Amino acid sequence: MEYVYEVERDDKLARWLENTKYKFEIKENKIIIKFEDFYEIYKFEKFVKAVKAGFDIKLCEKILYEDWDIYEIDLKKVSEKKINHMIRIKGRIIGEKGKALKEIMERTGAYIIVTDRFVYLLGDNISLPSAYEAIKKIIKGSSHSKAFDYATFYKKNLENKEKEIKYKENIL
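Here we summarise the structure given alongside this text.

Cut-offs applied
Residues numbered from 1 in each chain as written. Predicted model: local features only at pLDDT ≥ 70, side-chain atom pairs only at ≥ 80, totals over all residues. Heavy atoms only, no water. Helix = DSSP H or I, 4+ residues; strand = E, 2+ residues; numbered from the N terminus. Buried < 20%, exposed > 50% of the residue type's maximum accessible area, 1.4 Å probe, protein only. Core = buried A, V, L, I, M, F, W, Y, C linked by side-chain atoms within 4.5 Å. Contact = heavy atoms within 4.5 Å. Pairing = 2+ DSSP bridges. Axes fitted to C-alpha atoms, helices over the stretch in contact; angles between N-to-C directions. Phe/Tyr/Trp six-rings, centres within 6.5 Å; stacked < 30°, edge-to-face > 60°. Lys NZ or Arg CZ within 6 Å of the ring centre and 35° of its normal.

Describing the overall build of the protein chain
Right, on to step 1. What the protein chain contains, in helices and strands, is eight helices and six strands.
Right, on to step 2. The order of α-helices and β-strands along the protein chain, N terminus first, is β-α-β-β-α-α-β-α-α-α-β-β-α-α.
Right, on to step 3. For the C-alpha atoms alone, the extent of the protein chain along its principal axes is close to 55 × 50 × 25 Å.
Right, on to step 4. Classification of the 172 residues of the protein chain by burial places 39% in the buried group.

Brief notes about the nonpolar core
Right, on to step 1. Within the largest apolar cluster, 28 residues are counted, with the highest numbers of intra-cluster contacts made by Leu-13, Trp-16, Ile-33, Phe-44 and Phe-47.
Right, on to step 2. Mapped by element, the contributors of at least two residues to this core are strand S1 (3–8), helix H1 (11–18), strand S3 (30–35), helix H2 (38–53), helix H3 (57–65) and strand S6 (118–123).
Right, on to step 3. Top contributing element to this core by residue count: H2, with seven residues.
Right, on to step 4. Dropping the residues within four chain positions of it, Leu-13 is found in contact with Val-7, Ile-31, Phe-44, Phe-47 and Val-48.
Right, on to step 5. Within the second largest apolar cluster, 22 residues are counted, among which are Ala-110, Ile-112, Val-114 and Phe-148.

Focus: the side chain of Lys-46
Right, on to step 1. For Lys-46, the position within the fold is in helix H2.
Right, on to step 2. For Lys-46, a relative accessible area of 18% translates into the label buried.
Right, on to step 3. If we ignore the near neighbours within four places in the chain, the residues touching Lys-46 are Ile-63, Asp-69 and Ile-70.

Comments concerning the sheet that holds strand S2 (residues 23–27)
Right, on to step 1. On the basis of which strands lie adjacent, the open sheet formed by three strands has the order S1-S3-S2 and antiparallel pairing. Edge positions in the sheet fall to S1 and S2, since each of these pairs with one other strand and no more. Averaged over all adjacent pairs, the angle separating strand axes in this sheet is 20 degrees, with direction ignored.
Right, on to step 2. With five bridges joining them, S2 and S3 adopt antiparallel strand pairing. Within S3, the position partnered with Ile-26 by the bridge is Ile-31.

Observations concerning the packing of aromatic side chains
Right, on to step 1. Evaluated as defined, the whole model comprises 15 aromatic pairs.
Right, on to step 2. For the pair Trp-16 and Phe-47, a centre-to-centre distance of 4.5 Å together with 35 degrees between the ring planes defines the contact as tilted. Of the two residues, Trp-16 sits in helix H1 while Phe-47 sits in helix H2, which places them 31 residues apart along the sequence. Each of the two residues, Trp-16 as well as Phe-47, counts as buried.
Right, on to step 3. The interplanar angle of 35 degrees and the centroid separation of 5.8 Å between the aromatic rings of Phe-118 and Tyr-120 together place this pair among those described as tilted. Each of the two residues, Phe-118 as well as Tyr-120, counts as buried.
Right, on to step 4. Ring pairing ties together the aromatic residues Tyr-5, Trp-16, Tyr-22, Phe-35, Phe-44 and Phe-47, which thus form one cluster.
Right, on to step 5. The residue whose ring lies beneath Lys-137 is Tyr-150, and the NZ or CZ to ring-centre distance is 4.5 Å.

Some points on the side chain of Glu-133
Right, on to step 1. Tracing the backbone shows Glu-133 in helix H7 (residues 127–139).
Right, on to step 2. Among the residues examined, Glu-133 registers a relative accessible area of 14% and is labelled buried.
Right, on to step 3. Dropping the residues within four chain positions of it, Glu-133 is found in contact with Tyr-150 and Tyr-154.

These results come straight from atomic positions and should not be treated as a statement about function.
See the structure below:
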């Protein structure tokens, strides 16, 4: 069975598709991509979201080939639709001269882009939830240092769980 996914025409995406295994065609303002597996559409949709968010296309490929994912936080929803709250939360996430954002990325290994309304996080199954938890703490009002320390703790905890799973798999 063949599955079809349509996306708004994007020249960057079209150029990338030309160098891949994907079957596609361009019709008017749409790119139509054909897939043999429904799960590929799910991953491709996340890939497109990451590209449109502004991440480097090579990083976005990791969604397709390395089991990475993208999270999206809607600042309008978390700020109760109040513009001054949204600006304050966005400022706290970014920090003075981008220091808070850089610290979260360095501690977790996740990639983060902040737009006017959204915060996009891109990473693997350890870096992504670690960065998400740190940003959640900042949104809820925790100090930056507590959020950074929690991100480090959360990441180590996930790494230990992954090691434990691999250890158990090797025993069995």
